[in-house]
Amino acid sequence: MTTTQSAAEPVRTRWAAVAAVALGVVLASLDLTVVAVALPTLGADLGASPSLTQWVLLAYSLPMVAVSIPAGRWLDRAGPRASFGLATAGFGVTSVLVAVAPTVEMLLVARALQGVFAALVSVVSMPVVSESVRPEHRARAMSIVLTLIPLSGAAGPAVGGALTDALGWRSVFAINVPIVVAAFWLGARAIPSTAAGRTGLPRPNAAMLRETALLGTAVTALFLGLDLLAEGPVGWATVALPVVAFGLGWLWLRTREAAGVRELWPRLAAPLTALPLVTTGIAGLNFVVPYFLVDAHGASPATVGLALLIPSVGMAVASPIAGVVADRTGTVGVSTAGVVVVLGGFVAAALYADGEFWQLAVSLAAVGVGNGLFAGPNAAEVLARTPPELRGTSSGMTSVARTLGFSLGPALGALVWTSVAGATVALAAVMTTLGVVTVLALAACGWTWRGAPSRKH
């Protein structure tokens, strides 16, 4: 038992609670991508231009980042069952509001509210797992939950396209309701009602709203800067917006509300530095591979979809194994091995950019397997370093780190891809760049190893 673990750990592992959390993660992750295919139909039906319909995506993702850390601090005072119930029920209600919205303006408002509850669903996952699972089962539990993020994201476009063709774009959001009902029912039965004396739902205060507004402005500036970076060329706004974002972030770190983050950062700096670097790699890969397959090989949409499923399948296969091994031998070694495998995948893709499809497929599989080895053990390491009273804040920090990586990856991939002539050379350049990012992640893993409270949790 590490110094950050409490004597009041769960006496048994509630795998049904893990299943409830997994269903919630499917909801939040699927809705990041499931709507993309439906945007043209949605825009035509509601009379919205493409520049306006893109905000259907941003209205969801921006609140997910802006609310995550304030929501985490709020969860540090809330009961696990009540907070999970609020998150899933709120997601279901707002999904219905999006599905029945008569105008694009009302849809965007409902979509933003859905993003707020998606943030709650994502942030509540780590505290619920920590309070429902014995320490020696944490890595495998988090591996199960985190595997569903890329799987849901990869399945999103296919699911969204099938639903839109069969039942119309509104069904893309209405399909959330039965999943919400299942997650709510399972959570009410399996998730403990009390943890460390916390029960019920505390009332949000004005400080939490101010903090959300400050973080929301910072995140919006950062996302707009990344969007401009991806479109190119680099102008003054491309530089100014990230500067504004980091300036507002620095101001927020000086506030009283950020005290928990300041306390946790020395403990979590290493694993939370590795996390966005690894997710930047997988996100950049998912962005650039479709362009390469179409430009260099004339691949069909079905072939592109198959290629993008390969990393997710690799992660799905590796994650459960990684969780079991990490629970028995230690989290840091397994997560570090995962980053090494990811790096090998990028190196192979860079060397064989002009090779056969099967060679690229092997590289994609290696990146997926490496991510599977990394994700769950890294999350378990974060939990092991977090005092029980700050697990919500820690989960919020983790959610922000992961989302920033998923946002930076496409921007970085697009910048390199458009800067190099020729699909084969461009792919090699992107994979080399992502390999450099992964080397930085490997350095962060080494830092994690040095500061680990225990090599076995």
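Preceding block: the structure.
Thresholds, definitions, all that
- Residues numbered from 1 in each chain as written.
- Predicted model: local features only at pLDDT ≥ 70, side-chain atom pairs only at ≥ 80, totals over all residues.
- Heavy atoms only, no water.
- Helix = DSSP H or I, 4+ residues; strand = E, 2+ residues; numbered from the N terminus.
- Rg over C-alpha atoms; globule rule 2.2 N^0.38 Å.
- Contact = heavy atoms within 4.5 Å.
- Areas by Shrake-Rupley, 256 points an atom, 1.4 Å probe, with all protein chains shown as cover.
- Lys, Arg positive; Asp, Glu negative; His and termini not counted.
- Charge placed at Lys NZ, Arg CZ, Asp CG, Glu CD.
- Axes fitted to C-alpha atoms, helices over the stretch in contact; angles between N-to-C directions.
- Parallel < 35°, antiparallel > 145°, perpendicular 65-115°, else oblique.
- Left-handed = near helix turned anticlockwise from the far one by under 90°.
- Patch = residues over 30% accessible without salt bridge, like charges linked within 9 Å, V, L, I, M, F, W, Y side chains within 5 Å.
- Salt bridge = Lys/Arg side-chain N within 4 Å of Asp/Glu carboxyl O.
- Core = buried A, V, L, I, M, F, W, Y, C linked by side-chain atoms within 4.5 Å.
- Buried < 20%, exposed > 50% of the residue type's maximum accessible area, 1.4 Å probe, protein only.

Asker: Any details on the overall build of the protein? Residues and values, ideally.
Answerer: The secondary structure content of the protein amounts to 17 helices and 0 strands. The C-alpha radius of gyration computed for the protein amounts to 21 Å, which stays within 12% of the reference 23 Å derived for 457 residues, consistent with globular compactness. Taken along its principal axes, the extent of the C-alpha atoms in the protein is 60 × 55 × 45 Å. The long-range fraction of contacts in the protein, counting pairs at least 24 apart against all pairs at least 6 apart in sequence, stands at 86%. When the accessible surface of the protein is totalled, it reaches about 18200 Å², and 70% of it is carbon and sulfur. If you average the places of the 25 positive and of the 19 negative side-chain charges in the protein, the two averages end up 14 Å apart.

Asker: Help me get a handle on the packing of helix H6 (residues 104-132) against helix H16 (residues 391-419), residues and values and all.
Answerer: At their nearest, the axes of H6 and H16 sit 8 Å apart, and the two run at 135° to each other. Our classification of the angle between H6 and H16 gives oblique. At the point where H6 passes H16, the crossing takes the right-handed sense. Judged by residue contacts, Ser122, Val123, Val124, Met126, Pro127, Ser130 and Glu131 of H6 engage Arg391, Gly392, Ser394, Ser395, Gly396, Thr398 and Ser399 from H16.

Asker: Give a description of a nonpolar patch on the surface that names residues and reports values.
Answerer: Together, Val93, Val96, Leu97, Val100, Val109 and Leu113 make up a nonpolar patch on the protein surface, roughly 500 Å² of accessible area in all. Of all the secondary structure elements, the ones that give two or more residues to the nonpolar patch are helix H5 (80-100) and H6. Sorting elements by how many residues they give to the nonpolar patch places H5 first, with 4 residues. Of note, leucine 113 is situated in helix H6.

Asker: Outline the nonpolar core, listing residues and values.
Answerer: Formed by 96 residues in total, the largest nonpolar core has its most connected members in Leu285, Val289, Leu293, Trp417 and Met431. Of the residues forming this core, the biggest block, 14 residues, is contributed by helix H12 (residues 259-297). Filtering out sequence-adjacent residues up to four positions away, leucine 285 remains in contact with Pro311, Phe346, Leu364, Val367, Met431 and Leu434. Membership of the second largest hydrophobic core comes to 21 residues, among which are Ala101, Leu107, Leu163 and Val172.

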